[in-house]
Amino acid sequence: MSANIAFTFRVTCIEDEAQAQAVVEELRELMRDESIGGQVSIGVVADRGGHVVSGRTDFPVSVSRAHLWCPEFEKSLAWYAKEAAPSATCTVEWSYPDEEY
């Protein structure tokens, strides 16, 4: 069964701008690997003297077996981010638009 899912994420504890850009590139690779590259916006913002990479779905994505995919996606997001920034911390917030009506 499929579910329509939207998500936002934040990657914090990034040392500098170069590392933040490297995290963005890693996460773009993840989105391509998950076949949602054209559906997720990713960028860098300055936050209290540091850098944060954040992203979100541009619109809900349809995911089969979402109850299994979501936890694995969170693990992958953290792994890809840590490839570029070993001290990175990731958070993901999920929403299910079909259930909000």
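The structure we're discussing is the one just above.
Let me begin by describing the structure that accompanies this report.

**Regarding the pairing of strand 1 (residues 2-14)**
Moving on, step 1. Taken together, the 4 bridges between strand 1 and strand 4 (residues 61-64) define a ladder with antiparallel strand orientation. Within strand 4, the residue paired with A3 across the bridge is V63.
Moving on, step 2. Examined bridge by bridge, strand 1 and strand 5 (residues 89-95) share 7 bridges and lie antiparallel to one another. What sits directly across from A6, in strand 5, is S95.

**Notes on the packing of aromatic side chains**
Moving on, step 1. Throughout the structure, instances matching the rule amount to 7 aromatic pairs.
Moving on, step 2. Through pairs of rings, three or more aromatic residues link up here, namely F7, F9, W69, F73 and W94.

**What to know about unusual backbone geometry**
Moving on, step 1. Phi angles above zero are rare outside glycine, and C13 is one such case at about 65°.
Moving on, step 2. The exposure class of C13 is partly exposed, given its relative accessible area of 45%.
Moving on, step 3. Even without being glycine, S35 reaches a positive phi, approximately 65°.

**Considerations on the environment of S64**
Moving on, step 1. Residue placement: S64 occurs in strand 4.
Moving on, step 2. In this structure the C-alpha to C-alpha distance between S64 and V44, which are 20 residues apart in sequence, comes to 30 Å.
Moving on, step 3. A polar contact of 3.4 Å, which involves the side chain of S64, links it to the side chain of S2.

**A look at the environment of V61**
Moving on, step 1. Along the polypeptide, V61 turns up in strand 4.
Moving on, step 2. Residues V61 and V40 lie 21 residues apart in sequence; the distance between their C-alpha atoms is 9.4 Å.

**As for the pattern of salt bridges**
Moving on, step 1. All chains considered together, the criterion is met by 3 salt bridges.
Moving on, step 2. Between D58 and R56 there is a salt bridge, with its nearest N and O atoms 3.3 Å apart.
Moving on, step 3. When its relative accessible area of 36% is taken as the criterion, D58 is described as partly exposed.
Moving on, step 4. Given a relative accessible area of 43%, R56 falls into the partly exposed group.
Moving on, step 5. Here K75 and E72 are joined by a salt bridge, their closest N and O atoms 3.4 Å apart. Of this pair, K75 and E72 both sit in helix 2 (residues 66-84), 3 residues apart, which is roughly one turn of that helix.
Moving on, step 6. Looking at K75, the relative accessible area reads 54%, which means it is exposed.
Moving on, step 7. On the accessibility criterion, E72 (44% relative accessible area) is partly exposed.

**What about helix 1 (residues 17-33)?**
Moving on, step 1. When the terminal C-alpha atoms of helix 1 are compared, their 24 Å separation across 17 residues agrees well with the 24 Å that a helix rising 1.5 Å per residue should span.
Moving on, step 2. Residues of helix 1 that are buried include every one of Q19, A20, V23, V24, L27, L30 and M31, and no others. Along helix 1, the residues classed as buried sweep out an arc of 145° about the axis, all on the same side. Among the exposed residues of helix 1, those oriented more than 90 degrees off its buried face are A18 and R32.
Moving on, step 3. Where helix 1 is buried, its residues meet strand 1, strand 2 (40-47), strand 3 (50-57) and helix 2.
Moving on, step 4. For helix 1, the N-terminal cap is D16; the gap from its side-chain oxygen to the backbone nitrogen of A18 is 3.3 Å.
Moving on, step 5. S35 occupies a position one or two residues after helix 1 and carries a positive phi of about 65°.

Procedures and definitions
- Residues numbered from 1 in each chain as written.
- Predicted model: local features only at pLDDT ≥ 70, side-chain atom pairs only at ≥ 80, totals over all residues.
- Heavy atoms only, no water.
- Pairing = 2+ DSSP bridges.
- Helix = DSSP H or I, 4+ residues; strand = E, 2+ residues; numbered from the N terminus.
- Phe/Tyr/Trp six-rings, centres within 6.5 Å; stacked < 30°, edge-to-face > 60°.
- Buried < 20%, exposed > 50% of the residue type's maximum accessible area, 1.4 Å probe, protein only.
- Polar contact = N/O pair within 3.5 Å; in protein donor to acceptor, adjacent residues only side chain to side chain.
- Salt bridge = Lys/Arg side-chain N within 4 Å of Asp/Glu carboxyl O.
- Expected span 1.5 Å × (residues − 1).
- Arc of directions from axis to C-beta.
- Contact = heavy atoms within 4.5 Å.

So far we have only geometry, and geometry alone does not tell us how the molecule works.
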